[in-house]
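What follows is each chain in one-letter form.
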Amino acid sequence: MTNVVRPGFIKGLLPLTFLLAGCGSSEAPQDSGPRAEPGEELSGGETTVFDTSTNAFSLSARNMSSERRSAFFVGNSFFKENWVIAPSSTAGRDGLGPLYNARSCSGCHLLDGRGTPPEKAGEALLSVLIRLSIPGTDAHGGPADEPTYGGQLQPKAIPNVEPEGNAFVAYEEVPGAFEDGEPFTLRRPTYTIDGLSRGSMAPEAMTSPRVAPQMVGLGLLEAVAEEDILAAEDPDDKDGDGISGRANHVWDAALGQNAIGRFGWKANQPTLAQQTAGAFLGDMGITTEMFSQESCTDVEADCKAAPTGGTPEASAEILERVTFYSATLAVPARRDWEDPVVLAGKQRFLDAGCDGCHTPALSTGTLEGYPELSNQAIRPFTDLLLHDMGEGLADGRPDYEASGSEWRTPPLWGLGLLHTVNGHTNLMHDGRARGFAEAVLWHGGEAEASREAFRAMPREDRQALIRFLESL
């Protein structure tokens, strides 16, 4: 169990403008202009690594002791190697399925990076999954599973078990224009599900596509103290800035009580251990002590009758090692942070009020069992809170206290290396945005003022802001 005992948003390391929340609320000192800050390139504090290759997301924390690196490498092996169907002579790695989305963690998080959504109609969703639910909640306040297919569509299955079905996406180009007249188009996705093997879903079934996010810096986010996250809440927008972030409160299976959510696109997981165990079960059909029952519904008799790889299929040691690996994947350092255009872009980021949700700097507390992650000055560009992002991004599917239009502010660190690692720049929860500009233009709801500020900028300023994002 992790225990954060010392919190703190960083204060004093950044100009006041970096600490202000609110659309259009920040102004740089007129006599100073944009300037680099000492240590600004160290996005992950002392854990930061300096690598701009395809391995940029796959390195351990720079300040990790050599004695602890062996555990990191063991976790890496369990993260990347495929699980096999039980029974098998490959002890400790059998139990895949009966229903699943991928054979390994890296099957979706390639090179510990972001999943790749389909580019063309008819392509399979290889690293995008579809959450399922019906109106109402489960016993712990979470989404109520769709009765026939459960909480997640699983398009793959072991022999003698029917896969559940396949999801496909089609895109519509939506035209728009910046205030200076330059045109743009946004890619609007529409999802369909075909080949359902157990009949139709419930008429009121709700779906939500989720692309696999990149893995870096997760342990640092877990080390941010709860009181610091809650201190940034403004659910009733009492400061009148148009931003009303709030924490999600979700079920903590280890504690047997509610806790704030930190991980997942809707902050529906409280800890990295639970996020990992949930992915083992939902994505690969691998049981753990935390989630010991296969994800078969009462309708899926062939799933229930399938052989298993033991009880549980992934030992406590395997879950611990994969969690340790996931927690200590290092954040890459920023590039070109002193470049004048990047600095100008940083100022435009602040001018547009993007820092109202994408909080530039946080500090970590003491995270039990993780000395390398503790007491670090980090620059994740997230507040870990839920924000209403408007109807354009809404999935209409509540997740604990997150409404159908609320999403957790995703961290921005490392995004500038996404193309290097994963060969694309598809962003947002379903990968619809083909780059930073489209991602900004999809923002609505609480971020509408920031989007409009970006849309109104001269072309040179828009390009500078994007250069800044590329430096993260």
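See the structure above.
Criteria and thresholds
- Residues numbered from 1 in each chain as written.
- Predicted model: local features only at pLDDT ≥ 70, side-chain atom pairs only at ≥ 80, totals over all residues.
- Heavy atoms only, no water.
- Helix = DSSP H or I, 4+ residues; strand = E, 2+ residues; numbered from the N terminus.
- Buried < 20%, exposed > 50% of the residue type's maximum accessible area, 1.4 Å probe, protein only.
- Contact = heavy atoms within 4.5 Å.
- Areas by Shrake-Rupley, 256 points an atom, 1.4 Å probe, with all protein chains shown as cover.
- Lys, Arg positive; Asp, Glu negative; His and termini not counted.
- Charge placed at Lys NZ, Arg CZ, Asp CG, Glu CD.
- Disulfide = S-S within 2.5 Å.
- Salt bridge = Lys/Arg side-chain N within 4 Å of Asp/Glu carboxyl O.
- Pairing = 2+ DSSP bridges.
- Polar contact = N/O pair within 3.5 Å; in protein donor to acceptor, adjacent residues only side chain to side chain.
- Axes fitted to C-alpha atoms, helices over the stretch in contact; angles between N-to-C directions.
- Parallel < 35°, antiparallel > 145°, perpendicular 65-115°, else oblique.
- Nonpolar A, V, L, I, M, F, W, Y, C, P; charged D, E, K, R; others polar.
- Core = buried A, V, L, I, M, F, W, Y, C linked by side-chain atoms within 4.5 Å.

Details of the overall build of the protein
Line of reasoning, step 1. Of regular secondary structure, the protein possesses 12 helices and 15 strands.
Line of reasoning, step 2. The buried share of the protein, taken over its 472 residues, is 54%.
Line of reasoning, step 3. Long-range contacts, defined as pairs at least 24 residues apart, comprise 69% of the intrachain contacts of the protein with a sequence gap of at least 6.
Line of reasoning, step 4. Only carbon and sulfur atoms are counted for the fraction: they give 52% of the accessible area of the protein, which is about 18900 Å².
Line of reasoning, step 5. With 37 positive and 67 negative side-chain charges, the protein shows a separation of 4 Å between the mean positions of the two kinds.

A few points about the state of the cysteines
Line of reasoning, step 1. Counted by the stated rule, this structure contains one disulfide.
Line of reasoning, step 2. One disulfide in the model links cysteine 296 with cysteine 303; its S-S distance is 1.9 Å. The sign of the -65° torsion about the S-S bond sets the cysteine 296-cysteine 303 disulfide as left-handed.
Line of reasoning, step 3. The class of cysteine 296 is buried, set by a relative accessible area of 15%.
Line of reasoning, step 4. The class of cysteine 303 is buried, set by a relative accessible area of 3%.

Let's talk about the pattern of salt bridges
Line of reasoning, step 1. Applying the stated criterion to the full structure yields 27 salt bridges.
Line of reasoning, step 2. With its nearest N and O atoms 3.1 Å apart, the salt bridge here joins lysine 80 to aspartate 112. Of this pair, lysine 80 sits in helix H2 (residues 66–80) while aspartate 112 sits in the loop between strand E1 (99–100) and strand E2 (128–137), and the two are 32 residues apart along the sequence.
Line of reasoning, step 3. The exposure class assigned to lysine 80 is partly exposed, which follows from its relative accessible area of 29%.
Line of reasoning, step 4. Put simply, Arg210, Lys266, Asp395, Arg397 and Asp399 are held in one network by salt bridges that share partners.

Points about the pairing of strand E7 (residues 206–211)
Line of reasoning, step 1. The buried fraction of E7 is high, at five of six residues.
Line of reasoning, step 2. Where E2 lies against E7, six bridges are found, and the strand directions are antiparallel. When the sheet's bridge partners are listed, leucine 132 is paired in E7 with threonine 207.

Comments concerning the side chain of serine 60
Line of reasoning, step 1. As for its placement among the helices and strands, serine 60 is situated in the loop between helix H1 (16–19) and H2.
Line of reasoning, step 2. Within polar-contact distance, the side chain of serine 60 engages the side chain of arginine 69 at 2.2 Å.
Line of reasoning, step 3. Apart from residues no more than four positions distant in its own chain, serine 60 is found in contact with Val49, Arg69, Phe72, Thr328 and Ala330.

Re the packing of H2 against helix H7 (residues 316–327)
Line of reasoning, step 1. It is at 7 Å that the axes of H2 and H7 come closest, and there the two elements cross at 105°. By the angle between their directions, the pair H2 and H7 is classed as roughly perpendicular. In this structure, H2 contributes Arg68, Ala71, Phe72, Val74, Gly75, Asn76, Phe78, Phe79 and Lys80 to the contact, and H7 contributes Ile318, Arg321, Val322, Phe324, Tyr325 and Ser326.
Line of reasoning, step 2. Considered class by class, the residues forming the contact of H2 with H7 number nine nonpolar, three polar and three charged.

Digging into the nonpolar core
Line of reasoning, step 1. Formed by 54 residues in total, the largest nonpolar core has its most connected members in Trp83, Val161, Phe280, Met284, Ile318 and Trp413.
Line of reasoning, step 2. Contributions of two or more residues to this core are made by H2, E1, helix H3 (218–222), helix H5 (272–284) and H7.
Line of reasoning, step 3. For this core, the element with the most residues is H7, which contributes six residues.
Line of reasoning, step 4. If we ignore the near neighbours within four places in the chain, the residues touching tryptophan 83 are Phe78, Gly92, Arg93, Asp94, Leu96, Arg103, Phe280, Met284, Ile286, Glu313, Ala314 and Ile318.
Line of reasoning, step 5. The next biggest cluster of nonpolar side chains, apart from the first, holds 42 residues, and it includes Val128, Met389, Trp407 and Val440.

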